[in-house]
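Reading the structure
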Amino acid sequence: MCGIVGYVGPNEPQNFLIEGLEKLEYRGYDSAGVAVNDNGEIKVRKAVGPIANLRKLIGDENLGGHVGIGHTRWATHGGVTVANAHPHTNMDGSLALVHNGTVENYIELKEQLQAEGVRFVSDTDTEVACMLVSKHYKELGDLKEAIDKAASEMEGTYVLVAVAADKPDMLVAHRRNAPLIAAKGKDFNMVASDFCAILKHTKDVYLIENGDTVVLTQDAITIYDEKDQQIERDLMHIGWDVDAADKGEYEHFMLKEIHEQPKGIEETLSRSLTEDNRIKLYGIEMTAEELDKYNKIVIVACGTAYHAGLAGQRVIEKVAKIPVEIDVASEFRYRDPFIDDKTLFIAVSQSGETADTLEALREAKKKGAHVISIVNVVGSSVARESDQVFYTFAGPEISVASTKAYTTQLLCFYMLALYFADIKGTITEEDYADFVEELKAIPAKIEKCFELEPFIKRLAADYYDREQVFFIGRGMDSCVAFEGSLKLKEVSYISSFAIAAGEMKHGTIALMEPRTIVIALATQDALFDKTVSNIQEVRARNAHIISVAKEGNISIEAHSNETMYIPNCRDEVSPLLSVVPLQLYAYFVAKDRKCEIDKPRNLAKSVTVE
Ligand code: F6R
């Protein structure tokens, strides 16, 4: 969704801002803009569409100055127009502001300001924030105090960053429940909503906390907490390389990230595996007594992370014998769930900034639950607000369609299940050792799945124009069906649906036609025959079957038009492998349909509005 970058330093900010915005493109946006304070004159340039349009608009123009802010906007309040794009300015152009998030009481504030004579030129809540800061700046003469006062009157979730014409060496930012970092360079300082925007220039950052206001000059980053006390926060060094956010030899981030899965699994596993092959979770420690306190686990997440949770639910219940509920975060809060201090709550999120997941987590905490999160982005809001964090080490995920984050999230659930089972004594030593060996073998087995790539390219070329695809499976396969279907629809725009294979005959089978593709997952040894029966049911209605089975199960071919084999494995861990051909299928179909794979229409990488 929206992205922010700001720069103060000896150089002209223009390139820092535009390159930073390009690194934030993956989050999804529909317009972009920059404002530079050129020695007392605020120059604003904004364009609808990709950053390339903004670059074209600026052309060879040199905006000058030493302080600037930039923004990518994903429209919420008002359409995609230049007037609605950020930065917004006050009426005399002496103050510019960018904003992520939403100001919930903006209508009320706008009416008050209008009554005082303020004229608005956009439909946005951001312009209201800008006018409010401007009003207080005129009264108080101090930009930090003006932002603090405006923030105290605004309701919602937001980050504000402002520059004022008469402060050519300073910018001020305020954070409330939306991500913000302040980055310390050699002779400059920056702010951003995401590490990617600053990684090229520095890896030293402060994580700005909720309620903080931060004042940046070329020489200093000064942070004030919500009680307005100047505060020292720890400087954190980011371990990622700038290359991690580049496509390298791949045509798309999605394909690169699919191929990074063995590494992501290895990295995540290695941090939680002792030399004698015991699972010792990175970031989480629990005694038998503590675990005993909880009478259930509740998993909450959105989209792909939720699909990882579906598999997590099954494996924790099966291996650790703890009851597990799961819900999508957008529903969780509104059903008044039974949560108390006997609940172990698990939030799953790649970005750690998903508004629905964050709000669900807060609700669970309010009700007394102990909160664990499975998160990829270090220092993100979900991570910071959890009692304990179990990080995935997938590395930066740039493609909007999540792939490597999903497999590392799955891995975390297997490790959690084994860890809990070990504590509770619900698993034998032999089974535990076997399970751990299976997990260690996964990276090499995923590499083996990549050998299917030429075959999948051919499948995609043959079937890319089919407009209706169903994913079916039983047990763990049903969880993967949901993820395979989501991948296909989000990158190729094909109407795809997932359903537990046994449910087909209770209604959905009415949709089967000769051109319908059914991707049937049949990797569960214990459920193989039953899945084959379900495949036969849809095949009898002329659907075209592409099946995914474990190698050796060649009997499936008699019931399928095409078959893809994954390496042999325990039933429980098959999602880590069977999802790979589905990710590749979605990718190659989208490519054949000439879709914008890394940034699908209407989608944003980090969904920071509810
Ligand atoms: C799908 C996808 C989304 C995210 C969802 C949650 O490919 O990426 O469904 O999984 O928006 O995002 P996070 O994991 O960042 O909370």
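Here we summarise the structure given alongside this text. (Residues numbered from 1 in each chain as written. Predicted model: local features only at pLDDT ≥ 70, side-chain atom pairs only at ≥ 80, totals over all residues. Heavy atoms only, no water.)

Moving on: the site of the ligand. Lining the immediate surroundings of the ligand are 14 residues, of which Ser349, Gln350, Ser351, Thr354 and Glu490 lie closest. Within the side chain of lysine 487, a nitrogen or oxygen atom sits 2.9 Å from an oxygen atom of the ligand. Those elements that provide at least two residues to the shell around the ligand are helix H9 (303–320) and helix H16 (476–492). Across the shell around the ligand, the residue classes break down as 5 nonpolar, 7 polar and 2 charged. (Near = heavy atom within 4 Å. Polar contact = N/O pair within 3.5 Å; in protein donor to acceptor, adjacent residues only side chain to side chain. Helix = DSSP H or I, 4+ residues; strand = E, 2+ residues; numbered from the N terminus. Nonpolar A, V, L, I, M, F, W, Y, C, P; charged D, E, K, R; others polar.)

Turning our eyes to something else, we now look at the environment of lysine 167. Within the secondary structure, lysine 167 sits in the loop between strand E7 (156–164) and strand E8 (171–176). For lysine 167, a relative accessible area of 22% puts it in the partly exposed group. Considered as a pair, lysine 167 and valine 579 are 412 residues apart in the sequence and their alpha carbons are 53 Å apart. Apart from residues no more than four positions distant in its own chain, lysine 167 is found in contact with Asn37 and Tyr137. (Buried < 20%, exposed > 50% of the residue type's maximum accessible area, 1.4 Å probe, protein only. Contact = heavy atoms within 4.5 Å.)

Under the definition given, this model contains 39 salt bridges. The salt bridge partner of aspartate 38 is lysine 43, with a shortest N-O separation of 2.7 Å. Judged by its relative accessible area of 13%, lysine 43 is buried. Among the ionic pairs, glutamate 359 bridges to arginine 333, the shortest N-O distance being 3.8 Å. Taken together, the residues glutamate 359 in helix H11 (residues 355–366) and arginine 333 in the loop between helix H10 (329–332) and strand E18 (343–349) connect sequence positions 26 residues apart. Taking the relative accessible area as the measure of exposure, glutamate 359 reaches 17% and is therefore buried. Counted as one network, the salt bridges with shared partners bring together Lys318, Asp431, Asp434, Arg570 and Glu572. (Salt bridge = Lys/Arg side-chain N within 4 Å of Asp/Glu carboxyl O.)

This brings us to the nonpolar core. Among the nonpolar cores identified, the biggest contains 93 residues, and Phe413, Phe420 and Leu439 are the most heavily contacted of them. The element that contributes the greatest number of residues to this core is helix H13 (residues 404–424), accounting for 13 residues. Of the domains in this structure, domain 2 (254–427) and domain 3 (451–592) are the two that each give at least three residues to this core. Leaving out residues up to four positions away in the same chain, phenylalanine 420 has contacts with Met286, Leu291, Ile297, Ala320, Ile322 and Leu344. (Core = buried A, V, L, I, M, F, W, Y, C linked by side-chain atoms within 4.5 Å. Domains from an automatic or database assignment.)

Let us look at the packing of aromatic side chains. If you walk through the whole model with that rule in mind, you get 9 aromatic pairs. Ring geometry for tyrosine 282 against phenylalanine 393: centres 5.2 Å apart, planes inclined by 80 degrees, an arrangement best described as edge-to-face. Here phenylalanine 393 lies in the loop between strand E20 (388–391) and H13 and tyrosine 282 lies in the loop between helix H7 (261–270) and helix H8 (288–293), a separation of 111 residues in the sequence. On the basis of relative accessibility, which here comes to 36%, the residue tyrosine 282 falls in the partly exposed class. These aromatic residues form a ring-pair network of at least three members: Tyr7, Phe16 and Phe188. Its guanidinium or amino end placed over the ring of phenylalanine 393, arginine 271 lies 3.8 Å from that ring's centre, counting from NZ or CZ. The residue whose ring lies beneath arginine 601 is tyrosine 493, and the NZ or CZ to ring-centre distance is 3.8 Å. (Phe/Tyr/Trp six-rings, centres within 6.5 Å; stacked < 30°, edge-to-face > 60°. Lys NZ or Arg CZ within 6 Å of the ring centre and 35° of its normal.)

Every other side chain in a regular strand lies on the same face of the sheet, so the side chains alternate between the two faces. Counted residue by residue, strand E24 (residues 544–550) has 7 buried out of 7 residues, so it is predominantly covered. Neither face of E24 is exposed, since His544, Ile546, Val548 and Lys550 on one face and Ile545, Ser547 and Ala549 on the opposite face are all buried. Regarding topology, helix H17 (residues 528–539) serves as the crossover connection from strand E23 (residues 517–522) to the parallel E24, and that connection is right-handed. Note: E24 against strand E25 (residues 562–566), 5 bridges, orientation parallel. Counted as the bridge partner of alanine 549 is tyrosine 565 from E25. (Right-handed = clockwise from strand over helix to strand, strands pointing away. Pairing = 2+ DSSP bridges.)

Turning to the packing of helix H4 (residues 125–140) against helix H5 (residues 143–153), a few remarks are in order. At a minimum axis separation of 8 Å, H4 and H5 run at an interaxial angle of 130 degrees. It follows that H4 is oblique to H5 by the angle criterion. The two elements H4 and H5 meet at a crossing, and its hand is right-handed. Across from Leu132, Val133, His136, Tyr137, Glu139 and Leu140 in H4, the residues of H5 making contact are Leu143, Glu145, Ala146, Ile147, Lys149, Ala150 and Glu153. A breakdown of the residues in the contact of H4 with H5 according to their chemical character gives 8 nonpolar, 1 polar and 4 charged. (Axes fitted to C-alpha atoms, helices over the stretch in contact; angles between N-to-C directions. Parallel < 35°, antiparallel > 145°, perpendicular 65-115°, else oblique. Left-handed = near helix turned anticlockwise from the far one by under 90°.)

Inspection of H7 places Gln261, Pro262, Gly264, Ile265, Thr268 and Leu269 among the buried residues, and these make up the whole buried set. Looking straight down H7, one finds that the buried residues subtend no more than 160 degrees of arc, so they occupy a single side. Each element contacted by the buried residues of H7 is listed here: helix H6 (253–259), E20, H13, helix H14 (429–449) and helix H18 (575–592). (Arc of directions from axis to C-beta.)

On to the side chain of aspartate 598. Mapped onto the secondary structure, aspartate 598 falls in the segment after H18. Of the side chains with opposite charge, lysine 247 lies nearest to the buried aspartate 598, which makes no salt bridge, at 4.8 Å. Among the polar contacts made by the side chain of aspartate 598, one reaches the main-chain amide nitrogen of methionine 254 at a distance of 2.9 Å. Discounting residues that sit within four places of it in the chain, aspartate 598 has contacts with Lys247, His252, Phe253, Met254, Ser399 and Val400. (Lys, Arg positive; Asp, Glu negative; His and termini not counted.)

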